[in-house]
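Each chain, letter by letter, is given below.
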Amino acid sequence: MKERIRIDFLAVLTAGVLWGTLSPAGKRLGMLGTDMLTVGVLRAVIMTIGVGFFLALYAPRFFKVSGKQLFQIALIAGPCMVGIYAGFFFALQYLSVPMTIVLFFTHPLLTTIGSLVITRETPNRYQVSGALLTLAGVAIGVFPQEGSFLSSVHPVGLAWVMFAAVGMSLYSLFGRLSAQSGFVPQPTLFFYIQAFGLVWLSIVKTFGTGWGNILLLSLQQVGLILYVGLIGSLLGYSIYFYSLRTIQASTASIVSSIEIVTAFALSAIMFGQPPALQEMVGAMLIILAIVLVSRKKKNPRAAR
């Protein structure tokens, strides 16, 4: 059991590194004038086809689901998938990569609070301390150097990134609940949440920006979208979701904040956007939260 927990912990770290590459990719797509709803829809298409193909080959029994379970998953998929797949990239159109990442990492605190209600797992002192450190890192990271908060952080970007944070929190919590209680088998939830996410994103796109711009994508845009869908999403979210079988959602959310280091480094290299001093301090506090929860003694009951 301890060996499995250690492997899943490393899997969450790996997922965080892969997600860290999504911010520069999304920023580049925005600079190319890409419609972010198009990115979200194509990302969901890749995820749905990829996960569905894997289940069809190795575990077709997980396609079986009741009407009640489908309804539950459809409700969950709305805020989760629209927030994660589209909301985060929308935020990048208004905010820098470091600012978007730091604000996005309010989700560990949201997950820690939500675990009391959804998974009924009471966070221990390490998880609470890690979540508070993450919140402190976010607060310092977005603290304006001059002027008011809203003058330093675009309100539209702030709204989108907070929506993405809520989506990520719900994604972690229901993934953990699935592994913990089996209200829906974990592979079943993982596939259908992608499929219903695609439905929600398609509805939003139909009434939002329409479908004509898909035919206008350049090869560079298509390449970036394929990277986002196959590597950052299909690989990253698969190993993260699977790791929730042994790791509490609150811990996984904090550990995945290794994404910050990757995103900061890549944005500095690719866009000449080195993080500001307060963003670096905020990131260090968030990384300290990772160290804190990784050093705690594992609770066998929680890891069951």
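Residues numbered from 1 in each chain as written. Predicted model: local features only at pLDDT ≥ 70, side-chain atom pairs only at ≥ 80, totals over all residues. Heavy atoms only, no water.

### Examining the overall build of the protein
As a reminder of what qualifies: Helix and strand definitions follow DSSP, with helices as H or I runs of at least four residues and strands as E runs of at least two, each counted in order from the N terminus. Radius of gyration: over C-alpha atoms. The globule rule applied is 2.2 Å multiplied by the number of residues raised to the 0.38 power. Burial status follows relative accessibility: with a 1.4 Å probe on protein chains alone, a residue under 20% of its type maximum counts as buried, one over 50% as exposed, and anything between as partly exposed. Should any heavy atoms of two residues lie within 4.5 Å, those residues are considered in contact. Surface accessibility in these figures is a Shrake-Rupley result with a 1.4 Å probe; residues are shielded only by whichever protein chains are displayed. Neither His nor the chain termini are counted; the positive set is Lys and Arg, and the negative set is Asp and Glu. Positions of charges follow a simple convention, taking NZ of Lys, CZ of Arg, CG of Asp or CD of Glu.
For the protein, the helix and strand inventory stands at 14 helices and zero strands. When the helices and strands of the protein are listed from N to C terminus, the series reads α-α-α-α-α-α-α-α-α-α-α-α-α-α. Over its C-alpha trace the protein gives a radius of gyration of 18 Å, about what one expects of a compact globule, namely 19 Å for 304 residues. Its C-alpha atoms give the protein principal-axis dimensions of roughly 50 × 50 × 30 Å. Taken over 304 residues, the protein has a buried fraction of 54%. Restricting the contact set of the protein to residue pairs at least 6 apart, pairs at least 24 apart contribute 87%. On the protein, roughly 13,200 Å² of surface is accessible, and the fraction owed to carbon and sulfur atoms is 71%. Between the mean site of the 20 positive side-chain charges and the mean site of the 7 negative ones, the protein shows a separation of 14 Å.

### Some details on the pattern of salt bridges
Note on pairing: side chains with opposite charge can pair once their charged atoms come close. Using the following cut-off: Criterion for a salt bridge: a side-chain nitrogen of Lys or Arg within 4 Å of a carboxyl oxygen of Asp or Glu.
Counted by the stated rule, this structure contains two salt bridges. The residue Asp 35 makes a salt bridge to Lys 205 at a minimum N-O spacing of 2.7 Å. Linking Asp 35 in the loop between helix H2 (22-31) and helix H3 (36-58) with Lys 205 in helix H10 (residues 186-207), this pair joins segments that are 170 residues apart in sequence. For the pair Asp 35 and Lys 205, a shared accessibility class is recorded, and that class is buried. Residues Glu 121 and Arg 176 are paired through a salt bridge, measuring 2.7 Å at the closest nitrogen-oxygen approach. Of this pair, Glu 121 sits in the loop between helix H6 (107-117) and helix H7 (125-142) while Arg 176 sits in helix H9 (residues 155-181), and the two are 55 residues apart along the sequence. What makes Glu 121 buried here is its relative accessible area of 8%. Classification of Arg 176 by relative accessible area gives buried; the value is 1%.

### Notes on helix H4 (residues 67-92)
Rules: The span expected for a helix works out to 1.5 Å for each residue beyond the first. Note on bend: at a given residue it equals the angle between the axes fitted to the 7 residues ending there and to the 7 starting there.
Taking 1.5 Å of rise per residue, the 26 residues of H4 would be expected to cover 38 Å, and the 37 Å separating its terminal C-alpha atoms lies within 8% of that figure. The largest bend along H4 measures about 45° and falls at Gly 83.

### Some words on the nonpolar core
Stated formally: Remark: nonpolar core denotes a set of buried residues (Ala, Val, Leu, Ile, Met, Phe, Trp, Tyr, Cys) joined through side-chain atoms within 4.5 Å.
One finds Tyr 171, Tyr 237 and Tyr 240 to be the most contacted residues of the largest nonpolar core, which totals 76 residues. If one sorts the elements of this core by residue count, H4 sits on top with 14 residues. Setting aside anything within four residues of it in sequence, one finds Tyr 240 in contact with Val 12, Ala 15, Trp 19, Met 168, Tyr 171, Ser 172, Ala 249, Ala 252, Ser 253 and Ser 256.

### Section: the packing of H2 against helix H13 (residues 259-271)
A pair of packed helices can be characterised by two numbers: the angle between their axes and the separation between those axes. Condition: All axes are obtained by fitting lines to C-alpha atoms, using only the stretch in contact for helices, and the reported angles, taken between N-to-C directions, cover 0 to 180 degrees. Reported orientations rely on four angle classes, namely roughly parallel under 35 degrees, roughly antiparallel over 145, roughly perpendicular from 65 to 115, and oblique for the rest. When residues are sorted by character, Ala, Val, Leu, Ile, Met, Phe, Trp, Tyr, Cys and Pro go into the nonpolar class, Asp, Glu, Lys and Arg into the charged class, and all the rest, Gly among them, into the polar class.
Contact geometry for H2 and H13: axes closest at 8 Å, N-to-C directions at 40°. Viewed along their axes, H2 and H13 adopt a mutual orientation that is oblique. Listed contacts from H13 to Ser 23, Pro 24, Lys 27, Arg 28 and Met 31 of H2 are Glu 259, Ala 263, Leu 266, Ser 267, Met 270 and Phe 271. Split into classes, the residues belonging to the contact of H2 with H13 amount to six nonpolar, two polar and three charged.

### Digging into the packing of aromatic side chains
Filter applied, for reference: Side-chain rings of Phe, Tyr and Trp (the six-membered ring for Trp) are treated as a pair once their centres are within 6.5 Å; stacked means planes under 30 degrees apart, edge-to-face means over 60, and tilted covers the remaining angles.
By the definition in use, this model includes 13 aromatic pairs. With a centroid separation of 5.2 Å and an interplanar angle of 90°, the aromatic rings of Phe 63 and Phe 191 are classed as edge-to-face. Pair noted here: Phe 63 is in the loop between H3 and H4 and Phe 191 is in helix H10, with a separation of 128 residues, a long-range link. Take Phe 63: its relative accessible area is 26%, and that puts it in the partly exposed class. Judged by centre distance (6.2 Å) and plane angle (70°), the ring pair of Tyr 85 and Tyr 237 falls under edge-to-face. Taken together, the residues span a long stretch of sequence, with Tyr 85 in helix H4 and Tyr 237 in helix H11 (residues 219-243) at a distance of 152 residues. When sorted by exposure, Tyr 85 lands in the same class as Tyr 237, which is buried.

### A short note on the environment of Tyr 171
Mapped onto the elements of the fold, Tyr 171 is located in helix H9. Taking the C-alpha atoms as reference, Tyr 171 lies 19 Å from Ser 202; in sequence the two are 31 residues apart.

### Some thoughts on a nonpolar patch on the surface
Keep this limit in mind: Patch construction takes residues with relative accessible area above 30% that form no salt bridge. Like charges are linked within 9 Å, and nonpolar side chains (Val, Leu, Ile, Met, Phe, Trp, Tyr) are linked within 5 Å.
On the surface, a nonpolar cluster with roughly 450 Å² of combined accessible area is contributed by Val 222, Leu 226, Tyr 227, Leu 230, Ile 231 and Leu 235. Along the chain, Leu 226 falls in helix H11. Relative accessible area serves as the criterion here: at 41%, Leu 226 is assigned to the partly exposed category.

### With respect to the confidence of the model for the protein
The following threshold applies: The predictor's confidence in any single residue is recorded as pLDDT, a number from 0 to 100.
Per-residue confidence for the protein gives a mean pLDDT of 84; residues scoring 70 or more make up 91%. A low-confidence stretch, residues 297-304 (pLDDT under 50), is modelled with 11 contacts involving residues beyond four sequence positions or located in other chains.

### Some thoughts on the side chain of Thr 111
Mapped onto the elements of the fold, Thr 111 is located in helix H6. Accessibility expressed as a relative area gives 0% for Thr 111, which makes it buried. Contacts of Thr 111, omitting those with residues within four sequence positions, involve Ser 169, Ser 172, Leu 173, Ala 249, Ser 250 and Ser 253.

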